[in-house]
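Coordinate analysis (summary)
Spelled out from the first residue to the last, the chains are:
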Amino acid sequence: MLEPLMRANIGRLQTVYDRLPSPARTLITSARGWFLSRIRYAPETFSFLEQLRAHETWTPEDIASFQIHALQETISHARAAVPYYADYPQTQIRNFESLRLLPVITRERVRENREHFLSRDILPHQRIVAGTTGTTGGNLKVAYTEKLARENWAFLLRQRAWAGVNPRQPRITFLGARVVPTTRSTPPYWTYNLPECQVLFSIFHLSENTAPHYIKCLREHQGVVLEGFPSVLSILADLILSHGQTIPMRAVFTTGEPLYSAARDKIESAFLAHTFDSYGMTEYCGLIQQCEEGEMHLAPEYGFLEILDENNDPVAGDAEGYFVWTGFLNRAMPLLRYRIGDRGRWKLGPPCQCGRAFPRVTPTITRESEILRCADGRIFSPRALNQYLKAATSLRFCQFVHDRSERVVVRAVAGNGRAAQEMMNIREELQHLLGASMRVTAEIATEPLVFPGGKTPLIVNRVTQ
Ligand SMILES: [Zn+2]
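Each chain carries its own residue numbering, running from 1 in the written order of its sequence. Per-residue local features of the predicted model are confined to residues with pLDDT of at least 70, and side-chain atom pairs are confined, for both listing and counting, to 80 or more; whole-chain, interface and lining totals are unaffected and use all residues. Where side-chain values are given, they derive from all heavy atoms of the structure, hydrogens and water being excluded.

Of note, histidine 243 is situated in the loop between helix 9 (230-242) and strand 8 (251-254). Residue contacts are counted whenever heavy atoms from the two residues lie within 4.5 Å of one another. Excluding residues that lie within four positions of it along the chain, histidine 243 makes contacts with Glu208, Ala211, Pro212 and Ile215. Here a helix means four or more residues in a row that DSSP labels H or I, a strand means two or more in a row labelled E, and each is numbered from the N terminus.

Laid out in structure tokens, this is it:
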């Protein structure tokens, strides 16, 4: 029950954490790692993992019958326990067509009615709450449970097994946690989670100047598992390759953004390892993971995926459309036919060489962006800056416009009430991160900056570099 408390106070704890010396930060990171590892490596996780591994021999018919049953169960639970769905018709799910009797809900709708999506059978103190900024920028606070955290970890471990990686294999992480104070200008730019043999690197301190320190520490840990956001690992790979080096790793796992082939090539050249990508979301309603044959498979036990067009009709064949998810696992905040904003297409054709019958999906558009290069050489990926939006719940969109060499504009589209205040908080935090050599301003806009093809990048770069 500590995780809900921890998550709820993470902002306050961060302030204390940032003031501590490096060994104390390792102590805190390790203490948190110990609590998380009790969830992640609980006996229930491994028995669930065992079931998941057995499902790898499922036929397409096995998958369909499992999903029809899971849809029925999910919908019945949602109608009974979640106020938003109380008026939903009593649907008998006999085939996937019957799901279409229920409306498609957008992310915006969930944001506006968030309280009504919380299940009554999960008590407030049992809810873990995490913020997500998603594709469209506006923040959504998602509730889930420890049970789901364990199950989600089992899915992660199943993919690790596809890569031949054991559950507790040492790893290096480049995700969004602020593991080192942003003002720090000397190494270490990393901290340790000792119970999990994990080195957590800061994604906020990468630059030409700090690269030698990153490279030295990475080399000391070479041969382990590397995980991180694609854009961050791509920046890192660039820095390593530009120093004429390579650092061999056991396997690379990417998540949180699309992994484009150019970035994959760079990452695989720098780390001499296969990259296993995955697509998931904080709403915990669906999961797509890459197998050892390089194909992206839907995890059929996690959620049901529809790919729909503008009119909420199924796309033809492998045409691109909107992802609409019905999650099977999140009993704290169930989402039925949830249009998340991301897009993708089915991959048809002969079955995957890996032998699993799990459907194949190619995610196409998720949040895309350019990279922010400061005048002093520091480089920030979209994922690094995305972290600064997580506390803002009143903004419909927020983008960072680098319009002059030494200026960044926080450009926000207001949703409700506290938008202006939240935008100014983001401005202040970003100013703190970027330091005195950059000036950060803020402005309220009526519409986001949309690029050809309908993309709304987080970072808009207008400076010729
Ligand atoms: Zn496969």
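A few words on the packing of aromatic side chains. Ring pairs shown here join Phe, Tyr and Trp side chains whose ring centres sit within 6.5 Å, with only the six-membered ring taken for Trp; geometry is labelled stacked below 30 degrees between planes, edge-to-face above 60, and tilted in between. Overall, the coordinates contain 26 aromatic pairs when judged by the stated rule. Taking the centre distance of 6.4 Å and the plane angle of 25° together, the rings of tyrosine 41 and phenylalanine 46 count as stacked. Residue phenylalanine 46 is classed as partly exposed on the basis of its relative accessible area, which comes to 30%. Arranged with centres 4.6 Å apart and planes meeting at 55°, the rings of tyrosine 144 and tyrosine 284 form a pair that is tilted. Here the residue tyrosine 144 occupies a position in strand 3 (residues 140-144), and tyrosine 284 occupies one in the loop between strand 9 (275-279) and strand 10 (288-290), the gap between them amounting to 140 residues. The two residues tyrosine 144 and tyrosine 284 agree in class, both being buried. Whether a residue is buried, partly exposed or exposed follows from its accessible area with a 1.4 Å probe, protein chains only, as a fraction of its type maximum: under 20%, in between, or over 50%, in that order.

Moving on, we get to the coordination of the zinc ion. Bound to the zinc ion on the protein side are Cys291 (SG), His297 (NE2), Cys352 (SG) and Cys354 (SG), at distances that span 2.1 to 2.3 Å. With four donor atoms in place around the zinc ion and angles of 103 to 117° between them, the coordination shape is tetrahedral. Donor criterion used throughout: N, O or S atom within 2.8 Å of the metal, extended to 3.2 Å for Na, K and Ca. Water excluded; incomplete-looking sites may result. Read in sequence order, the donor residues for the zinc ion give the motif C-x5-H-x54-C-x1-C. Note that cysteine 291 is positioned in the loop between strand 10 and strand 11 (296-298) and cysteine 354 in the loop between strand 14 (338-347) and strand 15 (360-363), a separation of 63 residues in sequence. Here cysteine 291 falls in the buried class, since its relative accessible area comes to 2%. Geometry is assigned from the angles between donors: four donors with all angles from 85 to 135 degrees make a tetrahedral site, four or six donors whose opposite pairs exceed 155 degrees while the rest stay between 65 and 115 make square planar or octahedral sites respectively, and everything else is labelled irregular.

Here we take up the nonpolar core. Side chains that are nonpolar tend, in soluble globular proteins, to be buried together. In these notes, a set of buried Ala, Val, Leu, Ile, Met, Phe, Trp, Tyr and Cys residues joined through side-chain atoms within 4.5 Å is what counts as a nonpolar core. Grouped together as the largest cluster of nonpolar side chains are 58 residues, with contacts concentrated most on Phe174, Phe271 and Leu434. The dominant element in this core, judged by the number of residues it contributes, is helix 9, at seven residues. Sequence-distant contacts of phenylalanine 174, that is, excluding residues within four places in its chain, are made with Phe201, Ser202, Ile203, Tyr214, Leu218, Leu226, Glu227, Gly228, Phe229, Val232, Leu233 and Leu236. One finds Leu71, Val82, Ile122 and Tyr279 within the second-largest nonpolar core, a separate group that totals 40 residues.

Attention now moves to the pattern of salt bridges. One speaks of a salt bridge when a side-chain nitrogen belonging to Lys or Arg is within 4 Å of a carboxyl oxygen belonging to Asp or Glu. Counted under the stated rule, the structure contains 26 salt bridges. Between lysine 216 and glutamate 220 there is a salt bridge, with its nearest N and O atoms 3.4 Å apart. Highlighted residues: lysine 216 and glutamate 220, both in helix 8 (residues 211-220), separated by four residues, approximately one helical turn. With a closest N to O distance of 3.6 Å, arginine 411 and glutamate 443 form a salt bridge. Of the two residues, arginine 411 sits in strand 19 (residues 407-414) while glutamate 443 sits in strand 20 (residues 439-445), which places them 32 residues apart along the sequence. Judged by its relative accessible area of 15%, arginine 411 is buried. Judged by relative accessible area, glutamate 443 falls into the partly exposed class, the value being 37%.

Let us now look at the packing of helix 8 against helix 9. Geometry of a packed helix pair, given as the angle between the helix axes and the separation of the axes. Contact geometry for helix 8 and helix 9: axes closest at 10 Å, N-to-C directions at 95°. By the angle between their axes, helix 8 is roughly perpendicular relative to helix 9. Across the interface between the two elements, Ala211, Tyr214, Ile215 and Leu218 from helix 8 touch Leu236, Leu239 and Ile240 from helix 9. Here the contact of helix 8 with helix 9 is composed, by residue class, of seven nonpolar, no polar and no charged. To define axes, lines are fitted to C-alpha atoms, for helices over the stretch in contact only, and angles between the resulting N-to-C directions are given on a 0 to 180 degree scale. Throughout this description, any angle smaller than 35 degrees is read as roughly parallel, any larger than 145 degrees as roughly antiparallel, any in the 65 to 115 degree range as roughly perpendicular, and the remainder as oblique. Under this grouping Gly is polar, as are all residues other than the nonpolar Ala, Val, Leu, Ile, Met, Phe, Trp, Tyr, Cys and Pro and the charged Asp, Glu, Lys and Arg.

Take the residue count of a helix, subtract one, and multiply by 1.5 Å to get its expected span. Taking 1.5 Å per residue, 13 residues should reach 18 Å; helix 9 reaches 18 Å between its end C-alpha atoms and fits that length. For helix 9, the tally of buried residues reaches 10 of 13 residues, placing the bulk of the element in the interior. Taken together, the buried positions of helix 9 are occupied by Pro230, Ser231, Val232, Leu233, Ser234, Ile235, Leu236, Ala237, Leu239 and Ile240. Just beyond helix 9, the residue with positive phi is glycine 244, at close to 70°.

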